[in-house]
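Observations on chain architecture
Given next are the chains, with one letter for each unit.
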Amino acid sequence: MNIARKLMIAAAIPALAFAASAQTPAQKAPALKPAPAAQKAAQPAKPAPAKKQVTNAEALAFLPEILAEGNGMKLSKAAFLKELAGQIPEGALAQIPAPQLKQIAKNMVQSMVDREVLFSVAQKNGYKPSPALVEQEFDKMLAQIPAENRQKFEAQLKLQNKTIASYKKEVASDAMAQKAAAFAKFLKEKIEPQCKVSDADIEKFYRENQKEFQTQETVTASHILIRPEVPAGKEKDNAAVAKAEADALAKAKAILAKLKQGADFGELAEKESACPSGKSAKGSLGKFQKGMMVPEFEKTAFALKKGEMSEIVKTQFGYHIIKVTDKTESSYRPLAEVKGNIHDFLMSKQLEEKVKAAVDQAKKDMKLKIAEF
């Protein structure tokens, strides 16, 4: 049902989909600071005439009046621009280089054509658009929204003097939503039953894609970092840098000696480490995989056994003493653990293939032609 649900969200229920997902903070445009004037003007400068904004329609002037046509279907430039207006800010397309814009337009036209063909396939199979179908799909999606997000959704609607019930009626009256709901029902009742995944299929996929189920080796470690302290303004003084390095190394050696005599690693990390983890977590870095730390640190950490402590390790940050508190070896997730995921993936793949075949056949039957531009 993934295809139908994505289609439904994109075509009909944007606000509800927003409620179902995590909110993204709005991005604020950076404030522009005026450049200082080179000299005081005798007279106030006249503002330069505002540059005329190139509209999206003007940027897409190269499009022909009929973008696609076939038996029972026609996509006009006017319809394309109308739908575009609700998706892309006015003037945004003028910023895109012409060759790239043409390719984007081709992709969008192709997507719209495929969508309309999907809708027509559903209708030819007896699944007619209706407000009732939209309301059914709306209720299903609403039931899947966590309570917290539903409350946010209701609050958002309240600001627009709407309720969930009134918004559902509004969405249900939308022709695009009705087509999407009809297709969703067609997909669920007619296409999905044709998709079959056996245990043998799942086992075969598991064997042939072992790397997909491999878990990474991990290390849980703590460290104490002693950073060379070069006096301010002496960063390019070789003697000062060398002294700071020597002092840091000597301090690290002294701490290592205390640890070897039984001193508590966490207490020393809290007291001596220059890394924020010292004060916040007694030096603990938590669990990490290969590739997450600088090479010198990583090489040593993964070479240690659980419970072992390193000698002094130098990195670009300074001198480290590392203690490994836990390790997990690389392994493969068992089939029983991933069987459900593999089943869903293979079902989805079959569904995609069957939908594509239905679309391709419908295009042939319609003798559909898409304009070149």
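Relevant structure appears above.
Parameters and conventions
- Starting afresh in each chain, residues are numbered from 1 along the sequence in its written order.
- Totals for whole chains, interfaces and linings use all residues, but because this is a predicted model, local features are given only for residues with pLDDT of at least 70 and pairs of side-chain atoms are given and counted only at 80 or more.
- Remark: hydrogens and water are excluded; side-chain values derive from all non-hydrogen atoms of the structure.
- Relative accessibility thresholds used throughout: buried, under 20% of the residue-type maximum; exposed, over 50%; partly exposed, between the two (1.4 Å probe, protein chains only).
- In DSSP terms, a helix is any run of H or I states spanning at least four residues, a strand is any run of E spanning at least two, and both are numbered starting from the N terminus.
- DSSP bridges decide pairing: two strands pair if at least two such bridges lie between them.
- By definition, residues are in contact when any of their heavy atoms lie within 4.5 Å.
- Between the N-to-C directions of two axes lies an angle of 0 to 180 degrees, each axis being a line fitted to C-alpha atoms and, for a helix, fitted only over the stretch in contact.
- Just to be clear on terms, a salt bridge is a Lys or Arg side-chain nitrogen sitting within 4 Å of an Asp or Glu carboxyl oxygen.

A few words now on the pairing of strand β2 (residues 73-76). Two faces belong to every sheet, and in a regular strand the side chains alternate between them. The two faces of β2 differ: Met 73 and Leu 75 on one face are buried, but Lys 74 and Ser 76 on the other face are not. Pairing of strand β1 (residues 66-70) with β2 involves four bridges; the strand directions are antiparallel. When the sheet's bridge partners are listed, Glu 69 is paired in β2 with Lys 74. Where β1 folds back on β2, the antiparallel hairpin that results is connected by two residues, among which Gly 72 adopts a positive phi of roughly 85°.

We now examine the sheet that holds β1. Read from one edge to the other, the open sheet built from three strands follows the order β2-β1-β9, with strand pairing classed as antiparallel. Unpaired on one side and paired on the other, β2 and β9 (369-370) mark the two borders of the sheet. Direction of pairing for β1 relative to β9: antiparallel, over a ladder of two bridges. Within the sheet, the bridge partner assigned to Ala 68 lies in β9 and is Ile 370. Of the strands in this sheet, β1 and β2 touch helix α4 (residues 77-85), which is tilted by about 65° from β2.

Moving on to the pattern of salt bridges. Where charged atoms of side chains with opposite charge meet at close range, the side chains can pair. Counted by the stated rule, this structure contains 22 salt bridges. Linking Lys 185 and Glu 189 is a salt bridge whose minimum nitrogen-to-oxygen distance equals 2.8 Å. Taken together, the residues Lys 185 and Glu 189, both in helix α9 (residues 175-191) and four residues apart, mark about one turn of the helix. Given the relative accessible area of 32%, Lys 185 is considered partly exposed. A salt bridge links Lys 260 to Glu 311; the nearest nitrogen and oxygen atoms lie 3.0 Å apart.

Before going further, it helps to spend a moment on the sheet that holds strand β7 (residues 318-328). Read across the open sheet, the four strands follow the order β5-β4-β7-β6; overall the sheet is antiparallel. Strand pairing shows two members of the sheet lacking a second neighbour, β5 (284-289) and β6 (309-315), which therefore form its edges. Pairs of neighbouring strands in the sheet enclose a mean axial angle of 35°, with direction left out of account. With five bridges joining them, strand β4 (residues 218-226) and β5 adopt antiparallel strand pairing.

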